Amino acid sequence: RPLKGPDGKPVRPNPNGPSGPSVTSVKPDGSMLGPNGKPLKGADGKPLQAAIGNDGKPKKDPNGNMVGKDGKPLIGPNGLPIKPGQGEYGPRVGPDGTIFKPNGDPVQGPNGKPTKAGIGPDGRPMVNDNGNILGPDGVPVAGRDGKPVTASENPYVGPDGTVYKPDGTPIGGGKGGKPLTADQDKVGRPKTDKDGNLLGPDGKPLRGPDEKLLKNGMKPYVSPDGDVMMPSGKPLTGSDKKPLKAGVGADGNPDLDDKNCILNPNGQNVKGKDGKPVQTSPNGPKGPGPGSFIGPDGTLYGPDGKPLLGPDGKPLKCALGPDGKPLTDKDGNLLGPDGKPLLGPDGKP
C-alpha cells in the first residue's frame with residue numbers, strides 16, 4: 001500500500017519537486033532555491049549566487065534587480081532579471097526569513113516591524129494548508145492590517161491573457177464589458193513593469209475595478225493526488241462549483257497539453273469558472289500543497305514542514321535516481337536507499 005501522509009492521502013513522487021509554498025528562498029550564503037527545492041539556475045544553466053549585504057539581505061541594483069557577487073543583475077531561467085518578490089522566479093523570502101513585498105520592501109507586521117517566515121528543514125519557507133505564511137513559531141504571520149500574509153494573493157493570467165482573481169474568477173473592467181486581459185510575450189509569459197504590475201495590450205499597468213494595480217501572481221497547480229488548487233491552497237472549482245480534478249501520470253506529473261493547460265483523467269481540458277482551459281506553470285507545482293511532499297534530498301515531509309517518521313520513529317527518506325527523481329517499485333511504492341519499499345508509521349509500504 002502507498003505511504004500515506006498525516007492527511008491520509010498517499011505520498012506520491014513528483015519529479016517537479018514538492019508541492020510547497022509559492023515562495024523561492026535565498027540561503028544565507030547567497031545560493032538560491034527554485035520552486036522545486038533545488039538550486040535555481042540561470043539562463044546559462046549555472047546555479048545562481050546572490051550577493052548578500054551586511055544586513056543579511058540580498059543586494060540590489062538601482063533598478064531593484066538582485067545582483068551577483070560581480071555586482072551585475074542575476075538573470076533567471078526565463079532570461080529575465082530577478083527582483084525580490086517579483087515574477088515567477090523572484091524570491092519573496094530572504095535568507096534570514098524576512099518577507100518581501102513585490103517592490104522589494106519588507107512586509108511590516110502590526111507593530112510596524114519587518115515580518116519573518118519560519119524556514120522548514122528543507123530550507124523552504126513554511127506555509128499552512130490555507131496558503132498563509134507561518135512564522136518561526138509556527139503561527140501565521142500577520143501583516144500591518146493584522147490579516148494573515150498569504151504566499152500568493154495576486155491575480156494570475158490564463159493562456160489567452162484573461163486576468164483572474166486568486167479564486168479563479170475573471171476580473172472585469174475590460175473593453176465592451178469583457179474581462180481584463182494582460183499582454184504576453186512570444187512564449188506566453190505575462191508582461192509586467194519593474195514593480196511586477198501586469199501590463200495591458202496598450203503597455204500600461206492594469207488596474208482592477210477598485211483602481212488598484214494588479215500584480216502578477218501564481219497560476220493554479222495540481223496536488224499529488226490530482227486536485228486542481230488555487231495559489232491560496234484551496235480547491236479550484238468549475239462553472240458547476242465542483243472541485244476540478246486533473247489526470248496524473250504514473251510518474252506523479254499532472255497531465256498537460258502543449259500550452260501547459262491541465263487535462264482531466266479523460267484527457268480533456270479542465271475548464272475553470274468561466275469555461276476556459278486552466279493553465280498551470282510549466283515548472284511544476286508552486287502553491288502550498290494540502291498534503292505531504294518530498295524534499296530535494298529525498299526526505300519526506302508533512303504539510304507542517306516536519307519530517308514524516310517511519311515505524312522506528314526515524315525520518316523517512318526515499319531513494320533518488322541520477323535525475324533526482326524519487327524511485328518507486330512496479331506498484332508505485334516509494335523505495336528507500338536500500339532498494340526496499342518505505343514503510344509508514346503503520347508498518348506498511
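Just above sits the structure.
Structural notes, computed from the coordinates. (Residues numbered from 1 in each chain as written. Predicted model: local features only at pLDDT ≥ 70, side-chain atom pairs only at ≥ 80, totals over all residues. Heavy atoms only, no water.)

## Quick word on the packing of aromatic side chains
Turning to step 1, where the next piece is worked out: Considering all chains together, one arrives at one aromatic pair under this definition.
Turning to step 2, where the next piece is worked out: Each ring, one from Y156 and one from Y164, has its centre 5.3 Å from the other, and the planes form 20°; the classification is stacked. Judged on exposure class, the residue Y156 and its partner Y164 are both buried. (Phe/Tyr/Trp six-rings, centres within 6.5 Å; stacked < 30°, edge-to-face > 60°. Buried < 20%, exposed > 50% of the residue type's maximum accessible area, 1.4 Å probe, protein only.)

## A few points about the environment of F100
Turning to step 1, where the next piece is worked out: Structurally, F100 is set in the segment before β1 (156-157).
Turning to step 2, where the next piece is worked out: Taking relative accessible area as the criterion, F100 reaches 11% and is therefore assigned buried.
Turning to step 3, where the next piece is worked out: Spatially, the C-alpha atoms of F100 and K116 are 9.2 Å apart, while their sequence positions differ by 16 residues. (Helix = DSSP H or I, 4+ residues; strand = E, 2+ residues; numbered from the N terminus.)

## Details of the nonpolar core
Turning to step 1, where the next piece is worked out: If you look at the biggest cluster of nonpolar residues, it comprises eleven residues: Y156, Y164, V222, V228, M230, L236, L244, A246, I262, V270 and V278.
Turning to step 2, where the next piece is worked out: Residues contacting M230, with those up to four places away along its chain left out, are P166, D167, G168, Y221, P235 and L236. (Core = buried A, V, L, I, M, F, W, Y, C linked by side-chain atoms within 4.5 Å. Contact = heavy atoms within 4.5 Å.)

## A word on the pattern of salt bridges
Turning to step 1, where the next piece is worked out: Inspection of the entire model under this criterion finds three salt bridges.
Turning to step 2, where the next piece is worked out: In this structure, K191 engages D183 in a salt bridge whose closest nitrogen and oxygen atoms are separated by 3.5 Å.
Turning to step 3, where the next piece is worked out: Overall, the relative accessible area of 35% leaves K191 in the partly exposed class.
Turning to step 4, where the next piece is worked out: Assessed through its relative accessible area of 23%, D183 is described here as partly exposed.
Turning to step 5, where the next piece is worked out: Its salt-bridge partner being D227, residue K245 comes within 2.9 Å of it at the nearest N-O pair. (Salt bridge = Lys/Arg side-chain N within 4 Å of Asp/Glu carboxyl O.)

## Comments concerning the environment of L199
Turning to step 1, where the next piece is worked out: Looking at where L199 falls in the secondary structure, it is placed in the loop between β2 (163-164) and β3 (221-222).
Turning to step 2, where the next piece is worked out: You can call L199 buried: its relative accessible area is 14%.

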